[in-house]
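# Chains, contacts and geometry: an overview
Listed below, chain by chain, are the residues.
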Amino acid sequence: MSASGGVVRRSLLDDLATSMLTLIAERKLAPGDQFEAVRSLAERFKVAVPTVREALRRLEATGAVELRHGSGVYVGPNVGRLVLANPLALEPSPDRLVELLQARALIEPPVAALAAKTRAEAPLEQMAKDLDAAAELIASGDHTQLAEVNMDFHRSLALASGNATLAEVVESVTVVNAREQLEILHIHGDRQADLDEHRAIYDAIRSGDPDLAELLTREHLDGVLAVINQRLQHP
């Protein structure tokens, strides 16, 4: 296929994928709902079945749909998202990891302030559960699971802001460096201090103190970043 032919095909697939998302929205389908069959979609959009499958695979890569063998096409968990982490991102280098932490240190403190103003109830309840789970994992020494719980705490914090787009931005940045969180725990060292800082942030948000929530979140992330920088410079 020529270069121009490749561009045309990509454009066709992009347009087809967008049309499918529009159809999902028009039908008010939610994650987990069954979508239209592949052959029916091919007839609707007047394209070949393999083209529909290719467009659906693109959507599946973003989590917008799920293709279940022998069952059909279903709406995926990310169908309504505006911001997505790159599912094919390479493992971040040490310098890239520092950049990700710097980004979080700039983004998350004002999000914590907004969370203290909004205090969406369900995410606050999840933050409390994450804190309890983290305490149990520290006691048991399960540090692999602890990294996941810590990331869930930060995602729940963002959701407590009530701003879905900001929550997606925070989640995307944390997902990108989720594989590095265990290493951060090893480098940072003091898991109990990390938990205590999370508790303080939660208390400030729950009590509706945006200035304190922002300050504590900034100090928490700046502290992690300082330790990481020091350990990378002096391994």
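Labelled according to an unreviewed UniProt entry, the protein appears under the name GntR family transcriptional repressor for pyruvate dehydrogenase complex, originating from Kribbella aluminosa.

## Some thoughts on the pairing of strand β2 (residues 72–75)
Pairing of strand β1 (residues 65–68) with β2, which is carried by 4 bridges, proceeds in the antiparallel orientation. Within the sheet, the bridge partner assigned to E66 lies in β2 and is Y74. In sequence, β1 turns back onto β2 through a hairpin of 3 residues, with G70 there showing a positive phi of about 80°.

## With respect to the packing of aromatic side chains
Taken as a whole and assessed by the stated rule, the structure comprises 0 aromatic pairs. A cation over an aromatic ring shows up here: R68 above the ring of Y74, its NZ or CZ 3.8 Å from the ring centre.

## Describing the packing of helix α5 (residues 121–140) against helix α9 (residues 191–206)
Following both chains from N to C, one finds α5 and α9 inclined at 160°, their axes separated by 11 Å at the closest point. In terms of axis orientation, α5 runs roughly antiparallel to α9. The handedness of the crossing between α5 and α9 is left-handed. Across the interface between the two elements, E121, L124, E125, M127, A128, L131, D132, A134, A135 and I138 of α5 pack against R191, Q192, L195, H198, R199, Y202, I205 and R206 of α9. Here the contact of α5 with α9 is composed, by residue class, of 10 nonpolar, 2 polar and 6 charged.

## Focus: the side chain of R104
One can find R104 in helix α4 (residues 94–118). We classify R104 as buried; its relative accessible area is 4%. Only 3.3 Å separates the side chain of R104 from the side chain of H154, close enough to count as a polar contact.

## Observations concerning the layout of surface pockets
By volume, the second largest pocket is sized at about 160 Å³. Residue lining of the second largest pocket: Q34, F35, E36, A37, V38, R53, L56, R57, L67, R68, G72 and V73, and that is the complete set. Mapped by element, the contributors of at least two residues to the lining of the second largest pocket are α3 (49–62), β1 and β2. In terms of residue count, α3 provides more of the lining of the second largest pocket than any other element does, 3 residues in total.

## Some details on the environment of A147
You can see A147 is positioned in helix α6 (residues 143–159). What makes A147 buried here is its relative accessible area of 6%. A C-alpha to C-alpha distance of 10.0 Å links A147 and R191, two positions 44 residues apart in sequence.

So, how was this worked out
Residues numbered from 1 in each chain as written. Predicted model: local features only at pLDDT ≥ 70, side-chain atom pairs only at ≥ 80, totals over all residues. Heavy atoms only, no water. Pairing = 2+ DSSP bridges. Helix = DSSP H or I, 4+ residues; strand = E, 2+ residues; numbered from the N terminus. Phe/Tyr/Trp six-rings, centres within 6.5 Å; stacked < 30°, edge-to-face > 60°. Lys NZ or Arg CZ within 6 Å of the ring centre and 35° of its normal. Axes fitted to C-alpha atoms, helices over the stretch in contact; angles between N-to-C directions. Parallel < 35°, antiparallel > 145°, perpendicular 65-115°, else oblique. Left-handed = near helix turned anticlockwise from the far one by under 90°. Contact = heavy atoms within 4.5 Å. Nonpolar A, V, L, I, M, F, W, Y, C, P; charged D, E, K, R; others polar. Buried < 20%, exposed > 50% of the residue type's maximum accessible area, 1.4 Å probe, protein only. Polar contact = N/O pair within 3.5 Å; in protein donor to acceptor, adjacent residues only side chain to side chain. 1 Å grid on protein atoms, 1.4 Å probe; cavity = no way out; pocket = protein on both sides within 12 Å on 5 of 7 lines; lining within 4 Å. Points joined across faces, edges and corners; volume = space filled by probe spheres on them.

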